[in-house]
Every structure is written in C-alpha cells, then in structure tokens.
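Below are the chains, spelled out letter by letter.
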Amino acid sequence: MSLTRSRNADSGRAPARPLSAESLRAGRRSRVVAALPAIPLILFGIACLVLPLLALVKSSLELRAGGIGFDNFVAVLSSSVDRQAILGSLQFAAIQALLCAVIGTPLALAMLRLGQRGRRWWLPLMNVASSFGGPGLAFAFLLLIGTSGAITMLWAQLFGGNPFPSLGSMFGLNLLSLYIHLPLYVILSMPSFGMLRAEWWEAAQVSRSSRFRYWRRVGFPVIAPFIAAHTLQIFTWSMGSYALPYVVTASPQSVALITVEIGRDLQSAVFGLERAATFAVLLMVLAIGTMWLYRTIQKQGAKIL
Amino acid sequence: MSRAMTETGKSQRILLGAVAVFFGLPLVVLLLFSLADGWVGTILPTDFTLARWITSLSSTEVLAAAGRSLLLTVCVVVIDLVLVIPAAYVAVVTSPRVRPIIHALAVVPFALPWLVIAAGMQFTTAEIAPNLFGSFGLLTATIAAATFPYLYWAVENALLTNRAKELSEAAAVNGAGALQTTVRVIIPSIRTGIMSGTLLVAASAFGEFAITMTLAGAAYETLPLWALRMFSGRNPGAGGELAAITFTTFIAMFVLSLLITRIDTPRSITNAAGAFDLVPATKGK
C-alpha cells in the first residue's frame, strides 16, 4: 500500500517564470502559506504523540536519587517478577504470531477465492472481530469454556473432567486473543496475497505441475516475505495488547504481562512510576525495532513482484 | 480467473466453517445467556426471559455510559475531521513536503500500543498541567491523536486516486476560487474516503479501552468501562446485562462495517468531475 502511495505526488513543480530574488522570496512565502493548513495537525501530533513518548523516556532515565542513568532498566531486568512479565509477554506474542501465521495464511487465501459475494460478508465480520475484545468477549469465552461453561459441561458429560485451563493461562489468553489477531492478520494479508496471479497457476497447470509443486516453487516464495512481515506485525501488536489481558489476568495464578503491569502501576500510583515508564520504553524500543524489520521485509517482498 | 483459482476446495470450506464456528459461538452463547432465566449446571439454558434485555436497555447506568461513549466518539471524530482534511489536502495538493512529517506522526499510533501513548500522556500532564489529568478534554485529545491515522490514510488515498491536484488546478483555470474549489470539487470527490475513515475512527473511539482506562478510569465511565465493572462485579443479573449489551454492540458494529464495505467502492471521480464539467466523464480506475 505505502509503496504505491508515494509515487505520483512528489514531482515538485518547476517554475516557468524567470527567477529573481523577489519572486523567489514571494515563492517561499506562498509555499509557507500553502502549508499552513497542515500545521494544526502537525502541532497536535507533536503534543499528543511525540511529547508523551519523550516524557516516558525522560522518566525512565531519571533516577530516584537524582541524576540520570540506566539504573531503572537494570532494576527491571534484575527483578525476577519483572523478568517474568517480560518473558510472559514475549512468549504470548510469539505463540500468537505463530498461530496467526499458521491458521491465518490458509484462511486469507481461502477468503480470496470466495469471490466478491462471499467476501462481502466475511470482511465486515473480520473488521468487527478485530476491534472487538475487552470484557464482553472475555465473558463470552467464560460462558463457553469457563468452569461451568457450555462446552465444558458438554465435555464433562461426554468424556468427563474439565480439559480447559483458565482464561488467564497462556492457553486461555492465546485462544481469546486469536479472536482479535486472526482477523487483523487476514485483513493485513489479503491485499498482498491478492498479488498471486491466476495466470501463474494456469501456467503451472499447462506445464503439468502439481498443486504442491506450484505452491513450493511459485506461490509460497512470492508470499513468504508478506507472511513474515505480517507475522511480525501480529507479534508487535500482541506485545502491546491490553484490554483482553487486563480483564482475564486479574488472578495471581494468571500469566504476567508487561502491559498489565504498566496499567496496574499507573492506576495504583502508590509507588514511583519509574517502573511503568521503563516497561513502556522497553515496549517502545521493541516496537521501533520490529517496525524497522517489518519495513525491510516488506520492501524485499515488493521487489519480487 | 480460472475456475481452479476461484473455486473453494473442500479443505478450504472446512477451514472457513471452523473459523465461522470460532467467531460465531461466542455470539450465540452471549445471546443465549442474555435470554436465559438462570443458567446453572446445564449445557443449554432451560428457561428463557426478556428481563435482562429490558433492564439493560432501559438502565440509566447503561444509557449514561452509552451516552458518554457517544459524546466522546463525536468529539473525537470532529477533532480528527477538522485537523486531518486540511492537512491531507495540503500534503497532496499544495505542499508535498509536509507529507513525510505527517506520515511519521501517523506511524506512531500504528506501531506503538495505545497504552504506551496513554502512559506517556499521564507523565506529560503530571509534569506540565496536573489538573488536566482525568479531564474529558485530555481523554478526547489523546484518543483523537491515536485514531487520526485511520482518517488520514483514507483521505490521502481518496485525494490521490481522485487526482485532487489536477482537479483543483483545472478548477482554478476555470476561474473557481479556493473556497469554491474546496466545497464543490474536492470535498465531493473524496466523500467516500472521508466517510469510511470517519467510520473507522468512530468504531475505535467507541470501543476504546486502554487510553480511557488510564486517563479517565471511573471518572468517565464509557461503555467498555461499564462492561468491565459488570464483568468483575458479582451483582446478580450483571452477566445477563453484559451479554445483552455486548451482543447488541457487536451487531451494531457489524452493520456499520457492512456499510463501510458498501460505500468503499469508489465511483466518486465521475461525480466530482461532472460538477464542474472539467474532464469527460470517464470511470475511475
């Protein structure tokens, strides 16, 4: 998307008039005037998006005893509780990304083949599910696989016992989060998977290639960079997901996650908030790193096409 | 496309079916629970009642929370529209140099968790203006900043695909003033972009959790925060009401989303061009 976007607008206008110092100055002034309507948005973005991030970095580097240093990061990384939250988030995000890639890739391909009519229903469903979540969704899953949920009861009658771990466990959290991240993965993937041309498959059939061979030699190599990029994106979003984890990981036996720790610290505000700031900066660094990797992989993918 | 590419195979139909069950079951169970008259220890409810629907849809708490969510959504949408449309126009038509700056800003809410943005806002206000914390203005501004890229991408895309630059140059040649050009040519030509972007902003503002929880909390109980209180609280009937409201929200958002996909088919270039008779009425790409 972003690749095609920037192509046609940046061809600056060449002035046809002869240049004088005065017309140059007037030109510059008119350029500034022309840019004026964009200034409010830029200032607003700086105030509400850039400043807050700088404030976080500052707080994470400020020491309680005064001065500046990396002591807060050292403290977080050497505390076993905090390390557990970091590991929990990384593990959750990795599983989530992997599940999305494994289930979402064939799902996106299947939806591409549905044609306009089928997609007209599936796409809105994916849209809504991707921005759903929170307490309502958690409650629905509680009604399904909670201790007295419908599926749990059915299972108990058929096979006996309760096979489902709690929603706050690594299993529960991953199952719940798929409801949001799987649609996001599909929505991200469909445009790039749509670049697989029907003619390639036809050509493969004409040359008597099997379906497996087609996918191994043509289909997969083309979409592989996009699969990698979107899996990475889901990883980043999972690291930062908050609403669902906050709702289901309230009990102490639940998985510990960075975002939930940040949220609890911010709400309690009893202790110093440098731990929350440090965690937030760690998430920022990770997001910047994966964003860079995402762009790099996506450029690779665009080169193939 | 050949038949082999367009036809769904058997394994794909199984996959789609399984996914439909995964996404449908939670909705079914929410509907069942909202209609159940006590559902304990059985696979399916035995008695049904409309009581939860009546109490939840007429409860002042729910209505107040929904009202707050709606007010927040409207304010966020207005802020985004006022800030984004002129900026996108400038970025595409008059001074492309601001584009990289806006693009860089638009990446922030896409790459960073909104919780981090909210946390940053909390730290910033603590330092600069502590009395702003917990205010409606701060909450609205932060959500507007987090959601602006949805509208910006939609509008910028619409401006580019509808060749807004050529359109406004042609309008100027024909003697139209800046205001006339904006109101009669540009805005109509990007109407669908504005609408789909607005709906995206509205949907995410209405269901916003992380920023609202951090910056407002109990001080401004929106519908998602009400749902959280119902979920964690143990008062009787809360589950049924939560189920009813969640189900309703999902269906409402689904209808909204259907609308987005319907209006997203761009047809607008012919309409806009026709208004000024600038170019022969050709179909958009």
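Cut-offs and rules
Residues numbered from 1 in each chain as written. Chains lettered and ligands numbered in written order. Predicted model: local features only at pLDDT ≥ 70, side-chain atom pairs only at ≥ 80, totals over all residues. Heavy atoms only, no water. Axes fitted to C-alpha atoms, helices over the stretch in contact; angles between N-to-C directions. Helix = DSSP H or I, 4+ residues; strand = E, 2+ residues; numbered from the N terminus. Parallel < 35°, antiparallel > 145°, perpendicular 65-115°, else oblique. Left-handed = near helix turned anticlockwise from the far one by under 90°. Contact = heavy atoms within 4.5 Å. Nonpolar A, V, L, I, M, F, W, Y, C, P; charged D, E, K, R; others polar. Buried < 20%, exposed > 50% of the residue type's maximum accessible area, 1.4 Å probe, protein only. Polar contact = N/O pair within 3.5 Å; in protein donor to acceptor, adjacent residues only side chain to side chain. Expected span 1.5 Å × (residues − 1). Arc of directions from axis to C-beta. Domains from an automatic or database assignment. Buried area = accessible area lost by both parts, 1.4 Å probe. Salt bridge = Lys/Arg side-chain N within 4 Å of Asp/Glu carboxyl O.

Novice: Describe the packing of helix H6 (residues 115–130) of chain A against helix H2 (residues 10–35) of chain B, and please don't skip the residues or the numbers.
Specialist: Any two packed helices are characterised by the angle at which their axes cross and by the distance between the axes. Contact geometry for H6(A) and H2(B): axes closest at 12 Å, N-to-C directions at 40 degrees. With respect to H2(B), the axis of H6(A) lies oblique. Handedness of the H6(A)/H2(B) crossing: left-handed. Every residue of H2(B) that contacts H6(A) at Trp122(A), Leu125(A), Met126(A) and Ala129(A) is listed here: Leu16(B), Val19(B), Ala20(B) and Phe23(B). Here the residues of the contact of H6(A) with H2(B) are counted per class, giving eight nonpolar, no polar and no charged.

Novice: An account of the side chain of Thr249(A) is needed here, citing residue identities and associated values.
Specialist: Residue and element names in this part refer to chain A. Mapped onto the elements, Thr249 comes out in the loop between helix H12 (243–248) and helix H13 (258–268). The buried category is assigned to Thr249, whose relative accessible area is 3%. One polar contact links the side chain of Thr249 to the main-chain carbonyl oxygen of Pro245, over a distance of 2.6 Å. Look past the residues within four positions of Thr249 in its chain and what remains in contact with it is Gly168, Leu173, Ser254, Val255, Val260 and Arg264.

Novice: So what about helix H9 (residues 178–189) of chain B? Which residues, and what values?
Specialist: For an α-helix, 3.6 residues make a turn, and residues three or four places apart therefore share a direction. Residues and elements named next belong to chain B. With twelve residues, H9 extends 15 Å from end C-alpha to end C-alpha; this agrees with the ideal 16 Å at 1.5 Å per step. Every buried residue belonging to H9 is among Thr181, Val185, Ile186 and Ser189, and all of these are buried. Down the axis of H9, the buried set is contained in an arc of 85 degrees. They therefore lie on one face. When the buried face of H9 is taken as reference, the exposed residues oriented beyond 90 degrees from it are Leu179 and Val183.

Novice: Please give an account of the domain arrangement of chain B that cites residues and values.
Specialist: Where interface size is quoted, it is often the accessible area lost as the parts come together. Residue and element names in this part refer to chain B. Split into domains, chain B comes out as domain 1 (1–49) and domain 2 (54–276). Computed from C-alpha coordinates alone, the two centres of domain 1 and domain 2 are separated by 31 Å. Here domain 1 packs against domain 2, burying approximately 560 Å² in sum over the two surfaces, 91% of which is carbon and sulfur. On inspection of domain 1 and its partner domain 2, the count reaches zero salt bridges. Taken together, the residues of the side of domain 1 that touches domain 2 break down into four nonpolar, one polar and no charged.

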